[in-house]
Amino acid sequence: MTPGTPNLQSLALRHAARGFPVFPLVPGGKTPLPGCPRCRRSSPAYEPHDSAQCPCLLQGRWCHGFYAATLDPGLVRRWWPEPGAGRGVAIATGPARLVVLDVDRHPGTVPGADRILPGRPVTAAQATGVRDGLDVLRLLAGLCGEPDPAQGAATLTVRTPSNGLHLWFTAPAFTSWRSSAGGDHRGRSLGWQLDIRASGGYIVAPGTTTASGTYTVLGPHRHPQLLPTWLAGELTRTGHLLDTPARAERTDRPVPNRAAAAARATAVPGGRRGGAGGGAWARRTADTVIGQVLDCGRAPEGTGWSAVVNRAAFTFGGLVAAGHISEAAAHTALLDAALTARPHRRSAALGIIRSGLAAGARRALHPKDER
Ligand SMILES: [Zn+2]
Ligand SMILES: [Zn+2]
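Residues numbered from 1 in each chain as written. Chains lettered and ligands numbered in written order. Predicted model: local features only at pLDDT ≥ 70, side-chain atom pairs only at ≥ 80, totals over all residues. Heavy atoms only, no water.

A. Local environment of the overall build of the protein. Summing up its helical and strand segments, the protein has 13 helices and eleven strands in all. Relative to all contacts within the protein whose residues are 6 or more apart in sequence, the contacts with residues 24 or more apart total 73%. (Helix = DSSP H or I, 4+ residues; strand = E, 2+ residues; numbered from the N terminus. Contact = heavy atoms within 4.5 Å.)

B. Examining the environment of Thr315 more closely. Here Thr315 is to be found in helix H11 (residues 305-321). Thr315 sits 15 residues away from Ala330 along the chain, and the two C-alpha atoms are 9.9 Å apart.

C. Examining the side chain of Gln292 more closely. Its place among the elements puts Gln292 in helix H10 (residues 278-298). Residue class for Gln292 comes out buried when judged on its relative accessible area of 6%. Other than its neighbours up to four places away in sequence, Gln292 contacts Arg41, Tyr46, His49 and Val308. (Buried < 20%, exposed > 50% of the residue type's maximum accessible area, 1.4 Å probe, protein only.)

D. Region of interest: the sheet that holds strand S1 (residues 22-24). Spatial ordering of the open sheet is given by S1-S2-S7, a layout of three strands whose pairing is antiparallel. Each end of this open sheet is capped by a strand with a single partner; those strands are S1 and strand S7 (202-204). Each adjacent strand pair in this sheet contributes to an overall mean axis angle of 35°, direction not counted. Bridge count between strand S2 (residues 89-92) and S7: three bridges; the pairing is antiparallel. Opposite Ala90, over in S7, you have Val204 as the bridge partner. Across the face of the sheet, helix H1 (residues 8-17) comes into contact with S1 and S2 while running at roughly 15° to S2. (Pairing = 2+ DSSP bridges. Axes fitted to C-alpha atoms, helices over the stretch in contact; angles between N-to-C directions.)

E. Local environment of the side chain of Glu234. Secondary-structure assignment places Glu234 in helix H7 (residues 229-237). Sequence-distant contacts of Glu234, that is, excluding residues within four places in its chain, are made with Arg120, Leu140, Cys144 and Leu190.

F. Inspection of the coordination of the zinc ion (ligand 2) at higher detail. Coordination of the zinc ion (ligand 2) by the protein comes from Cys39 (SG), His49 (NE2), Cys54 (SG) and His64 (NE2), over a distance range of 2.0 to 2.1 Å. Geometry at the zinc ion (ligand 2) is tetrahedral, judged from its four donor atoms and the angles of 97 to 114° they form at the metal. Linear spacing of the donor residues for the zinc ion (ligand 2) on their chain is C-x9-H-x4-C-x9-H. A gap of 3.9 Å separates the zinc ion (ligand 2) and the zinc ion (ligand 1), which Cys39 links by coordinating each metal. (Donors = N, O, S within 2.8 Å, 3.2 Å for Na, K, Ca; no water. Tetrahedral: all angles 85-135°; square planar, octahedral: opposite > 155°, others 65-115°.)

Put into structure tokens, the structure is as follows:
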């Protein structure tokens, strides 16, 4: 540990100057600094709205986590008053055009051979040597006939306080990549304990210290290298390639998954009284609140899951009452998202969703600006 106070303002300025948009973290933690009461989900003054279009961001506030990420040195100086108010530095990987391979090394039960590398046959003998994400990555590289990128310094490599690795790569031109969690067996995954931080994700910048330790650069590289073709191929095979960069920008939100897709698919275009644009508004509203529930899964330190699920259910209740979505579809989308964020809280989720939907259904929800 370095003596003295690290200057987090200069750290943030350095990362921003290299083209990596930054935003501040809670001192000692790895969750974003909370936004203003109107934008903060845990606040009683919270008003559900689309993060990407929040006026706070235009006013230079840090509301909405990675949506606030900036390259502007003036804002950086304001957000990190010298030497930085203890606020760690996070980088929004999507707009930074980074694809970060997050290699976890958590002790835990190794899943069955079929779940170690989804879509690739792993023999029982190969599975025997697997203890953590580092072994899974070595196995994947070996199956592809490539050198292990975690050895031999393939690119800028950062050691995390939990002894995991962040391998930073730049996205090839005209490509954008989805984020994913390697433990998520229900969605896309490159491999067990191999997360992808790209569009809709963020990483803690090296030089930041949390309560568990410091993120430190290892090896010779000071800049990320181009995502190797074989790894791009593996990410494409596992569903991480976004259709087009333009689409990626529009959907640059926390890990999209089946729940949001379900909400989109089932929102009734127009709705009972929706008229033109009501369907799109309802889909956006549904997407936003589902995204907020999924966000809880990305912030295990944060509490407030039940409040967020409750608010989401309340909003969905209003959409159901207005005829934008069926109650069954709302229930499915909410439960799917709630359990993605907190897999072990099924009975709590069911109770919160039932009461939230009922409370929300007392007032039909329509676009405020609807004619
Ligand atoms: Zn705000
Ligand atoms: Zn806002």
